Amino acid sequence: MALVHATLLFPNLLFFFFSQVSYATDTITHSQPLSDGSTLVSKDGTFELGFFTPGSSTNRYVGIWFKNIQTRTIVWVANRNNPTKDKSSTLSLTEEGNLVLLNINRSLVWSTNTTSKEPVSSLVVQLLDSGNLVIRDGSNDKNEESFLWESFDHPCDTLLQGMKLGWNLKTGLNRFLTAWKNWDDPSSGDFTSGVKLGTNPELAIWKGSVEYYRSGPWNGIFSSGVFGFSPNPLFEYKYVQNEDEVYVRYTLKNSSVVSIIVLNQTLYLRQRITWIPHTRTWSVYQSLPQDSCDVYNVCGAYGSCMINGSPVCQCLEGFKPKSVQNWNAMDWTQGCVHKEPWSCGVKNKDGFRRFVGMKMPDTTHSWINTSMTLEDCKAKCLNICSCTAYANLDTSGGGSGCSIWFGDLVDLRVSESGQDLYVRMATSDTIIYNDAKHKNSKKVVLMVAIIVSLVVMMLMGFSYIYMTKTKKEEEKDEGEQENLELPFFDLATIINATNNFSIVNKLGEGGFGPVYKGTMLDGQVIAVKRLSRSSGQGLKEFKNEVILCAKLQHRNLVKVLGCCIEGEEKMLLYEYMPNKSLDSFIFDSVQSKLLDWPMRFNILCAIARGLMYLHQDSRLRIIHRDLKASNILLDNNMNPKISDFGLAKMCGGDQVEGNTNRIVGTYGYMAPEYAIDGLFSTKSDVFSFGVLLLEIISGKKNRTITNEGHIDNLIGHAWRMWKEGTPEQLIAPSLVDSCKISEVIRCIQVGLLCLQHHPDDRPNMTSVIVMLSSETILSQPKVPSFLIKNISIEGEQSCDRQESCSINEVTVSLLNAR
Ligand code: AMP
C-alpha cells in the first residue's frame, strides 16, 4: 500500500532499478573515481549519489537521492540530457579539477565546467549533508563554504532546503527548476520555474518561453498571490534582493521533517511534498498553481479572477468588458476598460479606488521605492500620466514602501493573502478613495439630504422585510435540522480531529471550500468538508447536500457520517477515501498505470449503478448536475463513490426535468440543453456520464485536444474516430495490454449514445447498465454534441482559434442569459 500511495502522489519517485551497490565512499578524488555500482554518501547518511535507471528506461544516469527514504526520490541528476547506455561508466576528477562522466569507451558524457588553480591532488568531491555535491579544496577544511563547483548552482527539478532559487546578478548565474520530461525520463521538460527579474522580481513558472504562472511580488511575508505561506511550523521562506543577488530559499523549522519542492510536468506543477515516515509516503503539502485563477492573466487586463465567483472573471469596479459579446461568451482574454475615461493632469478629474485582498498585478511595467509612504506613493502615481495603480511594497508591520504600475493591470485575482491595491480611475468612478473635494454648494447639500432620507426609509422597509423573512427561514432551518437524520458533531470535536484544520491535513479543495482529513478519538479517520467562510455562496448548496446526504445510502455514493453547524461554521463529515479522486489516476501518466482495464470497467459500472440509484431508485429523484472525474472518490479497494451532492437538484417523485436560471456544473461535462437553456434532467447527468466514460477509456480530458490538425474536444475526437471506423485509437496506450478491444469499443459506443445531442435520444441509466453488462446489439449513435465554451456544436465542426476552444475545468455557477 505504501508503494501505491507514493506512486499516487508523485510521478518521479518510483520504479527505479538500482544496480547492486558494491560499496559506498564519502569522497571522489583524482585517484579514486566512482564507478557504476558504487555510491558516494553524505557524512550524516542522508543523501547518496550513484548511478540509476528510471522507470522503463534503459538509460543510466548519475543522480542524488535520499538514502533512507524507501521510495526512491531523485533530487538531482548530473547528466539528465546526456544518458549513458552502459553500466561501465565512471565519475572521476580530471587534472583541471572537473568532475566528468566517462562511458565505457572513455568518451565524455557529462562534465562540470570549472577552472582550478589548486593542485588536483588537494581537490575532493563530496556530497554534503545538505544534498549539495561540491568540488572543494580538501586540504582547507576551514573554508567549508568555498566551492569550485556545486550542484546547488545547477538545480534539476527539486529545491532542497537551503538551495537558492534565483539570480547571482554579478555572474549572471540563474538558478531555476526544470521539470523532468516524464517520470522515466529526467531530461528537461517544458516547464521551468524561477525568479522573474525586473524592478520588483517575482516567482514564475514558464511553459517554454510563455509565462504560465506568477506568484505576485514579494510583500515582506511571502507573495500576494500565494496562500498558505503564513507562519507555519514546517518551513520559512527567505527572500533576498540586493545589488549582488535576487533569490528565495526556504529552511525547515524541524530538522526531523523531510520536505522538498518539486517541479512536475503535471497539472499541479510546483509541489511541496513532505515525507510521512509511518506511512512511508510523500504527502502533498501545497501545489502551484492553486486553482484555475492562477493561470496567467486568465481574465485579461483589469479583469479580476475570483475562484468562487460566478463567473470567475469579473471586471474591477469602475471597469466594463472591452467586448461585451466575448465576455458573456466567457472569452475574457480582451479584458476590461475604464467605464469613464479619466484625464491625466486635469485637477480633480481622476482619483483612486481601493481594492482589498488582491494579488498584485504583473510587475513587468512597475517601479518601486522602499522608503516612500503610501501617501507619497499616491502623489507620485498621480503625477505620472501612465501610472495606473499603486500599493504598499511591503505589507508586514502595517505596510511600507511604494509600488506603482504603468499601463494595463494584468493577471489580477482576489487572493487570501492579497493586499490593498489602489487603481486609478475617473473621479466619478471612485467611491472609497476619492481625491476630489466636493464643494458644498447648497444644491448638492439639498440633493444629498433628500437622497439620504429616501435611502434611510428604504433601508427601514427592507430591514423589516428581511427580519420577517430571516425569522421564517430560521424557523424553517430549525425544522430542517430536526429532520436531518444525521448525527451532529460539535466544533471542538472537529477541531481536535483535524488538528485545528492544519494545512498538513488538507486533502483538497472543492467549490465549497477545503476538505481536511481528521482522526476521531476512537481512531476513525474521516474527511471534513468545511464550507468556505469567505463566500456567502454555497450555503444554500451546503444545506441541500446535508438534506440529500442524510437520505441517501448506496455503496457507490460517498457515505456521510454527520455534520457540524455551529456559529459561522458549517461542515460535513464523510467516510475517508484514501485514494482520493478518480481524476488523479486517469489523467496522470504514472498513476494511470495502476488502473488496468478490468478495474476501469468495474469503476464505470459502479458509477452507473450509483447514478441509477440517484435517478431511479432513491426515495427522491436526484439529478447530480456535476458528475465529473474529480467528484468520483476511490476507497481502499478502488471502488468508486460519487461525491459532492451540493449541486444536486432534488425533484419531486415523478419530475424528471427542470429549468433553472442558475447553471451550475463544469464545462466539458455539461449537456448542451443545460449549459445553454438551463434545462436539466436525468439525461443531462447521462451526458456527463458519457464524457466521463470517454475520459476513463482515453485517459484524456474532455477539453480541447489537438489531433492531426483538428481542434476538437474529446467528444469530437471520439466521434471522428467512430466515423472513420477506428474507435480503438481512443484507448489509452496503458490499457491496450489489459483489455479486450471489442469490449472497450462497445463501451465507447455506449458513451456516444449517452452523448447524443437530443436528450430524448440518450438512454437512461438503467439501459446504460444493461448495455454495459450484456451483449445485446446496440443502436448506432447519432451525432453527439460538442460543447465548446458554451456554444453547442451539433455535428462535425471545429473551432479555428485554439484559445476560444479551451475549456475550464472548475465547477462553475453562472446565470444563464436567456
Ligand atoms: P469536493 O469539495 O467534494 O470536490 O472535494 C475536494 C477534494 O477533496 C476532492 O477532489 C478530494 O481530493 C478531496 N476529498 C473530498 N472528499 C474526500 C473524502 N471523503 N476522502 C478523501 N478525500 C476527499
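Residues numbered from 1 in each chain as written. Predicted model: local features only at pLDDT ≥ 70, side-chain atom pairs only at ≥ 80, totals over all residues. Heavy atoms only, no water.

Peer 1: Any details on the pattern of salt bridges? Residues and values, ideally.
Peer 2: Scanning all chains against the criterion turns up 19 salt bridges. Among the ionic pairs, Asp411 bridges to Arg214, the shortest N-O distance being 2.7 Å. Of this pair, Asp411 sits in the loop between strand S32 (402-406) and strand S33 (412-414) while Arg214 sits in strand S19 (residues 210-217), and the two are 197 residues apart along the sequence. Note on accessibility: Asp411 and Arg214 belong to one class, buried. By relative accessible area, Asp411 is classed as buried at 3%. (Salt bridge = Lys/Arg side-chain N within 4 Å of Asp/Glu carboxyl O. Helix = DSSP H or I, 4+ residues; strand = E, 2+ residues; numbered from the N terminus. Buried < 20%, exposed > 50% of the residue type's maximum accessible area, 1.4 Å probe, protein only.)

Peer 1: For the site of the ligand, give the residues involved together with the corresponding values.
Peer 2: Around the ligand sit 17 residues in total, of which Gly510, Lys529, Glu575, Met577 and Asp644 are the nearest. At 2.9 Å from a nitrogen atom of the ligand is found a main-chain nitrogen or oxygen belonging to Glu575. In the environment of the ligand, a nitrogen atom lies 2.9 Å from a nitrogen or oxygen atom belonging to the backbone of Met577. Burial of the ligand by the protein amounts to 92% of the accessible area it has alone, namely 480 Å². (Near = heavy atom within 4 Å. Polar contact = N/O pair within 3.5 Å; in protein donor to acceptor, adjacent residues only side chain to side chain. Areas by Shrake-Rupley, 256 points an atom, 1.4 Å probe, with all protein chains shown as cover.)

Peer 1: I'd love a proper account of unusual backbone geometry, names of residues and values included.
Peer 2: Apart from glycine, the bulk of residues carry a negative phi angle, and the bulk of peptide bonds sit in the trans form. For the bond from Leu288 to Pro289, the omega torsion is -10°, close enough to zero to count as cis. Phi is positive for Asp411, which is not a glycine, with a value near 60°. Notably, Asn499 is not glycine yet its phi reads approximately 55°, a positive angle. Turning to its location among the elements, Asn499 is positioned in the loop between helix H5 (491-497) and strand S35 (506-510). The exposure class assigned to Asn499 is exposed, which follows from its relative accessible area of 54%.

Peer 1: Break down the state of the cysteines for me, citing the residues and quoting the values.
Peer 2: The final tally for this structure, using the stated rule, is five disulfides. Between the sulfur atoms of Cys377 and its disulfide mate Cys402 the distance is 2.1 Å. Handedness of the Cys377-Cys402 disulfide follows from its S-S torsion of about 70°: it is right-handed. Residue Cys377 is found in helix H3 (residues 374-383), and its partner Cys402 is found in strand S32; the two are separated by 25 residues along the sequence. The class for Cys402 is buried, based on a relative accessible area of 0%. Each sulfur in the disulfide pair Cys381 and Cys387 lies 1.9 Å from the other. Between Cys381 and Cys387, the S-S torsion sits near -100°, and that sign places the bridge as left-handed. For Cys381, a relative accessible area of 0% corresponds to the buried category. (Disulfide = S-S within 2.5 Å.)

Peer 1: With reference to specific residues and values, describe the pairing of strand S36 (residues 513-519).
Peer 2: Residues in a regular strand point their side chains to alternate faces of the sheet. Burial within S36 is extensive, with five of its seven residues counted as buried. Relative to S36, S35 is paired through four bridges, and the arrangement is antiparallel. Bridge pairing links Glu509 to Pro514 in S36. Sheet analysis places S36 next to strand S37 (residues 525-530), joined by five bridges and oriented antiparallel. Directly across from Gly518, in S37, lies its bridge partner Ile526. (Pairing = 2+ DSSP bridges.)

Peer 1: Got a sec to walk through the environment of Asp185? Specific residues and values, please.
Peer 2: Relative to the helices and strands, Asp185 is located in strand S17 (residues 185-196). Remark: the alpha-carbon pair of Asp185 and Asn81, spanning 104 residues in sequence, is separated by 9.1 Å. Excluding its chain neighbours within four sequence positions, the residues that come into contact with Asp185 are Tyr61 and Trp180. Here Ser187 takes part through its side chain, which lies 2.9 Å from a polar atom of the side chain of Asp185. (Contact = heavy atoms within 4.5 Å.)

Peer 1: Explain the sheet that holds S19 residue by residue, including any values.
Peer 2: The four strands are arranged S16-S17-S18-S19 in an open sheet whose pairing can be described as antiparallel. Looking at the sheet topology across the chains shown, the edges are occupied by strand S16 (177-182) and S19. The mean angle between the axes of side-by-side strands here comes to 25°, regardless of whether they run parallel or antiparallel. Across five bridges, the pairing between strand S18 (residues 202-207) and S19 is antiparallel. Pairing of Ala204 across the sheet is with Arg214, part of S19. (Axes fitted to C-alpha atoms, helices over the stretch in contact; angles between N-to-C directions.)

Peer 1: Could you give me a rundown of the sheet that holds strand S23 (residues 270-276), with the residues and numbers involved?
Peer 2: Pairing between sheet strands relies on hydrogen bonds along the backbone, with the strands arranged either parallel or antiparallel. Reading across the sheet, the four strands line up as S13-S22-S23-S24 and stay open at both edges, with antiparallel pairing between neighbours. Looking at strand neighbours, the two that pair on one side only are strand S13 (158-159) and strand S24 (281-288), the edges of this open sheet. Pairing of S23 with S24, which is carried by seven bridges, proceeds in the antiparallel orientation. Within the sheet, the bridge partner assigned to Arg272 lies in S24 and is Gln286.

Peer 1: Lay out the packing of helix H10 (residues 682-698) against helix H12 (residues 741-754) with the relevant residues and their values.
Peer 2: Put simply, H10 and H12 touch, their axes get as near as 7 Å, and they point 150° apart. Between H10 and H12, the angle is such that the two are roughly antiparallel. Relative to H12, H10 is oriented so that their crossing is left-handed. Only Val744, Cys747, Ile748, Gly751 and Cys754 of H12 make contact with H10, whose side of the interface consists of Val686, Phe687, Phe689, Gly690, Leu693, Leu694 and Ile697. (Parallel < 35°, antiparallel > 145°, perpendicular 65-115°, else oblique. Left-handed = near helix turned anticlockwise from the far one by under 90°.)

Peer 1: Account for the environment of Cys313, with residues named and values stated.
Peer 2: Looking at where Cys313 falls in the secondary structure, it is placed in strand S26 (residues 313-315). For Cys313, a relative accessible area of 1% corresponds to the buried category. Sequence-wise, Cys313 and Gly300 are 13 residues apart; in three dimensions their C-alpha atoms are separated by 8.8 Å. The residues contacting Cys313, other than those within four sequence positions of it, are Val298, Cys299, Ser304, Trp327 and Trp332.

Peer 1: Outline helix H11 (residues 714-724), supporting the account with residue identities and numerical values.
Peer 2: A large share of H11 lies buried, amounting to nine of its eleven residues. Turning to H11, its buried residues number three or more, namely Leu714, Ile715, Gly716, His717, Ala718, Trp719, Arg720, Met721 and Trp722.

Peer 1: Which residues make up the nonpolar core, and what values do they have?
Peer 2: Leu49, Trp76, Leu91 and Leu133 are the most contacted members of the largest nonpolar core, which has 64 residues in total. Among the elements that line this core, the one with the most residues is strand S5 (residues 61-66), at five residues. If you count residues domain by domain, this core takes at least three from each of domain 1 (1-154) and domain 2 (155-290). If sequence neighbours within four positions are ignored, Leu49 has contacts with Leu34, Ser38, Thr39, Leu40, Val62, Gly63, Ile64, Trp65, Leu91, Leu127 and Leu133. (Core = buried A, V, L, I, M, F, W, Y, C linked by side-chain atoms within 4.5 Å. Domains from an automatic or database assignment.)

Peer 1: Give me the confidence of the model for the protein chain: which residues, what numbers.
Peer 2: Across the protein chain, the average pLDDT comes to 79, with 77% of residues at 70 or higher. Of the regions scoring below 50 in pLDDT, residues 659-663 engages in 31 contacts with residues more than four places distant in sequence or in other chains. Throughout residues 787-818 the model reports pLDDT below 50, and contacts reaching past four residues in sequence, or to other chains, amount to 111 contacts. (pLDDT = per-residue confidence, 0-100.)

Peer 1: Which residues make up the packing of H11 against H12, and what values go with them?
Peer 2: Running from N to C, H11 and H12 point in directions that differ by 120°, and their axes come no closer than 11 Å. Put simply, H11 runs oblique to H12. In this structure, H11 meets H12 at a crossing whose hand is left-handed. Mapping the contact onto sequence places Ala718, Trp719 and Trp722 in H11 and Ile745, Ile748, Gln749 and Leu752 in H12. Grouping the constituent residues of the contact of H11 with H12 by class yields six nonpolar, one polar and no charged. (Nonpolar A, V, L, I, M, F, W, Y, C, P; charged D, E, K, R; others polar.)

Peer 1: Give me the lowdown on H12, citing residues and values where you can.
Peer 2: The first and last C-alpha atoms of H12 sit 20 Å apart over 14 residues, in line with the 20 Å expected at 1.5 Å per residue. Counted residue by residue, H12 has ten buried out of 14 residues, so it is predominantly covered. Within H12, the full set of buried residues consists of Val744, Arg746, Cys747, Ile748, Gln749, Val750, Gly751, Leu752, Leu753 and Cys754. (Expected span 1.5 Å × (residues − 1).)

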